[in-house]
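Spelled out, the chains give:
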Amino acid sequence: MTDCPALLAVNDIADWHETADVVVVGFGIAGACAALEARRGGADVLVAERASGGGGASALSSGLFYLGGGTPVQQAVGVEDTPENMYKFLMASTCAPDAALVRCFCDGAVEHFNWLETQGVTFERSYFKGKTVELNTSNEGLCGTGNEKVWPFRDIAPPAARGHRVSRPGQYCGAMATQALIARCQEEGVRVSYDTQATALVADPAGRIIGVRLRSAGQERHVRARKAVVLATGGFSASQEMMAEFAPQMLENCEALGVPYNDGAGMRLGRSAGGALQAMSGLIATASFYPPAQLIKGILVNSRGERFVAEDSYHGRTASFIMEQPDRKAYLIVDAEIFAYPEITYLGHRLVDGWESTAEMEAGLDLPNGSLQRTMADYSRHAAAGKDPAFFKHPDWVKPLDQGPWAAFDVSFHHSRYLFITLGGLKVNARAEVLSEQGSPIRGLYAAGACASTIPQDGKGYASGLSLGPGSFFGRVAGREAAGA
Ligand SMILES: Cc1cc2nc3c(=O)[nH]c(=O)nc-3n(C[C@H](O)[C@H](O)[C@H](O)COP(=O)(O)OP(=O)(O)OC[C@H]3O[C@@H](n4cnc5c(N)ncnc54)[C@H](O)[C@@H]3O)c2cc1C
């Protein structure tokens, strides 16, 4: 990877300006959880945060935490779930999962939920049963945010809603979570240095990480970490160089979600110490055509006039498949019975036109002769029996598209507004230790949140909440382990 800072040796350090037991780099959700748990483990903790306040991308987020296994919200609203079912689902939907790490998350998810509430991050005991992307105007504490009901996952584990949303309506309710956690850090004596950027790690002769170089107001200082350093700097979507290296297709016309300091610093620092990177091309991109949910009863076709995904897939999964189609082109086809405009207007899914026949629609969309007519005839024939043998769309969303006139929306990558976050990062184990290329832990170095690669690794397997959920969970793990290191 280009542009990694040099790893400093003890001999490079003339003076240690400051000492802490644990230094946490970054004060978003992962850093706040790490700092709090390290402090409660008896450590003197210093957080270095590049911005003038804490929160990072976490504070901008929608506040959805992927948690399950029988949380108090799930129990209160009658959603049955077990750690085992959650584990089965995540193992099936994650590419190259680390079984021990997934197991640790699933077994600890209920305890983690309770811990979050104890810190003041609360969740309403209510359930939004519909299919949507954002709960901006309501306050439900639980909704389905992934592919649990989508084939093949519904056959692997009984589906359960696991998207837990903090109690505050509105778009940026993640701030409610970060504010509560930062307040607990302040009350409990975590030291925080704002406007302070970590620029290098320091290692002892055995390769153990023993400190960091920090820069604030143009001055550099070296902080000795008696026990460990935790990296929690977020993703890399704000780094043009890293995006060009790992996900160049997203530079074309997409919008990165996050803060400007999500520039991959943690990955570059970890790499300088010999840390391995994982799933770096993985990202969740989305330009959801639903809500309204009735549009899911339509079909998506590519420029060959063929279907390519079950339309009831979670929007990130659908977007991943769209990006694999020729020229990344796709159309949503609906009939008169289900016609509606996509509600999220800023995603820019343009109505192409309406047509009196499928033959005219095929010509209007410039699709190969007979292709769309064949696809629609096949689909509608099976749909009349409530079936979708091609992609196994759930029967709830299957209906013949036989009520003309018909319309198409352009959901192509180049004609819509795709938003994304990165999922790749430092490879870590279930103890949040940064691992080398050989798989051995780098002593004294931990990573959590979006600068680490834990459970979600690509958009096909992503469920909303899989950043804040594992990010806060493994942030705590990192803090505890660091304090005990
Ligand atoms: C609009 C939006 C909605 C989202 N909704 C959800 C959702 O509902 N659920 C979900 O799970 N995910 C969601 N995400 C993704 C999620 O918010 C992030 O993946 C997650 O918050 C990352 O947490 P983090 O603690 O790793 O990083 P961040 O919260 O970004 O914190 C990293 C911090 O590190 C600091 N930093 C960076 N470099 C340095 C350095 N060199 N030295 C010191 N400090 C540094 C940054 O300034 C920042 O404050 C959303 C993201 C956005 C933008």
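Residues numbered from 1 in each chain as written. Predicted model: local features only at pLDDT ≥ 70, side-chain atom pairs only at ≥ 80, totals over all residues. Heavy atoms only, no water.

- Under an unreviewed UniProt entry, the name given to the protein chain is FAD-dependent oxidoreductase 2 FAD-binding domain-containing protein, and the source organism is Acidocella aquatica.

1. Quick notes on the side chain of Arg307
Right, so step 1: If you trace the backbone, Arg307 turns up in the loop between strand S15 (299-301) and helix H10 (315-322).
Right, so step 2: Side chain to side chain, Arg307 and Glu311 meet in a polar contact 2.8 Å long.
Right, so step 3: Engagement of the side chain of Arg307 in a polar contact is seen with the side chain of Asp388, the distance being 2.8 Å.
Right, so step 4: Contacts of Arg307, omitting those with residues within four sequence positions, involve Ile299, Leu300, Val301, Thr375, Tyr379, Asp388, Ala390, Phe391 and Lys393. (Helix = DSSP H or I, 4+ residues; strand = E, 2+ residues; numbered from the N terminus. Polar contact = N/O pair within 3.5 Å; in protein donor to acceptor, adjacent residues only side chain to side chain. Contact = heavy atoms within 4.5 Å.)

2. A short note on the environment of Val411
Right, so step 1: Relative to the helices and strands, Val411 is located in the loop between strand S18 (406-410) and strand S19 (418-422).
Right, so step 2: Taking relative accessible area as the criterion, Val411 reaches 1% and is therefore assigned buried.
Right, so step 3: When the C-alpha atoms of Val411 and Gly298 are compared, they prove to be 13 Å apart, with 113 residues separating the residues in sequence.
Right, so step 4: Ignoring any residue separated from it by four or fewer positions in sequence, one finds Val411 in contact with Phe289, Leu300, Ile322, Ala330, Tyr331, Leu332, His349, Ser416 and Tyr418. (Buried < 20%, exposed > 50% of the residue type's maximum accessible area, 1.4 Å probe, protein only.)

3. Digging into the sheet that holds strand S14 (residues 283-286)
Right, so step 1: Reading across from one edge, S12-S19-S14 is the order of the three strands in this open sheet, with mixed pairing throughout. The strands lining the two open edges of the sheet, one partner per strand, are strand S12 (254-256) and S14. When the angles between neighbouring strand axes are averaged without regard to direction, this sheet yields 30 degrees.
Right, so step 2: Sheet topology places S12 next to S19; three bridges connect them, and they run parallel. Residue pairing in the sheet places Cys254 in a bridge with Tyr418 of S19.
Right, so step 3: This element, H10, spans S14 and S19 of the sheet and lies at about 90 degrees to S14. (Pairing = 2+ DSSP bridges. Axes fitted to C-alpha atoms, helices over the stretch in contact; angles between N-to-C directions.)

4. So, the layout of surface pockets
Right, so step 1: Of the pockets and cavities examined, the second largest pocket occupies roughly 380 Å³.
Right, so step 2: Lys129, Gly130, Lys131, Gly144 and Lys149 are the residues nearest the centre of the second largest pocket, which is lined by 21 residues in total.
Right, so step 3: Looking at the lining of the second largest pocket, its residues break down into nine nonpolar, six polar and six charged.
Right, so step 4: When we break the lining of the second largest pocket down by domain, the ones giving at least three residues each are domain 1 (1-284 + 423-485) and domain 2 (288-416). (1 Å grid on protein atoms, 1.4 Å probe; cavity = no way out; pocket = protein on both sides within 12 Å on 5 of 7 lines; lining within 4 Å. Points joined across faces, edges and corners; volume = space filled by probe spheres on them. Nonpolar A, V, L, I, M, F, W, Y, C, P; charged D, E, K, R; others polar. Domains from an automatic or database assignment.)

5. Some words on empty space enclosed by the protein
Right, so step 1: Enumeration according to the criterion identifies two cavities of 30 Å³ or more in this entry.
Right, so step 2: Each pocket or cavity is described by its volume, and for the largest cavity that value is around 50 Å³.
Right, so step 3: Lining the largest cavity, in full, are Ala287, Ser288, Phe289, His315, Thr318, Ala319, Ile322 and Tyr418.
Right, so step 4: A total of four residues in the lining of the largest cavity trace back to one element, the largest contributor, which is H10.
Right, so step 5: Of the residues contributing to the lining of the largest cavity, the split by class is five nonpolar, three polar and no charged.
Right, so step 6: Along its surface, the second largest cavity is lined by Leu64, Thr132, Val133, Glu134, Leu135, Cys143, Gly144, Thr145 and Tyr314.

6. So, the domain arrangement of the protein chain
Right, so step 1: Examined at the domain level, the protein chain breaks down into domain 1 (1-284 + 423-485) and domain 2 (288-416).
Right, so step 2: With 24 residues of domain 1 at the interface, the matching set in domain 2 holds 26 residues.
Right, so step 3: Where domain 1 abuts domain 2, roughly 2000 Å² becomes buried across the two surfaces, and 57% of that area is made up of carbon and sulfur atoms.
Right, so step 4: Area buried by domain 1 at its contact with domain 2 is led by Lys131, Val133 and Lys460, which between them contribute 34% of it.
Right, so step 5: Taken together, domain 1 and domain 2 are joined by two salt bridges.
Right, so step 6: As a salt-bridge pair, Glu252 and Arg328 come within 3.2 Å of each other at their nearest N and O atoms.
Right, so step 7: Our enumeration of links across domain 1 and domain 2 arrives at 10 residue pairs in polar contact (both at pLDDT 80 or more).
Right, so step 8: When its residues are assigned to classes, the side of domain 1 that touches domain 2 shows nine nonpolar, nine polar and six charged. (Buried area = accessible area lost by both parts, 1.4 Å probe. Salt bridge = Lys/Arg side-chain N within 4 Å of Asp/Glu carboxyl O.)

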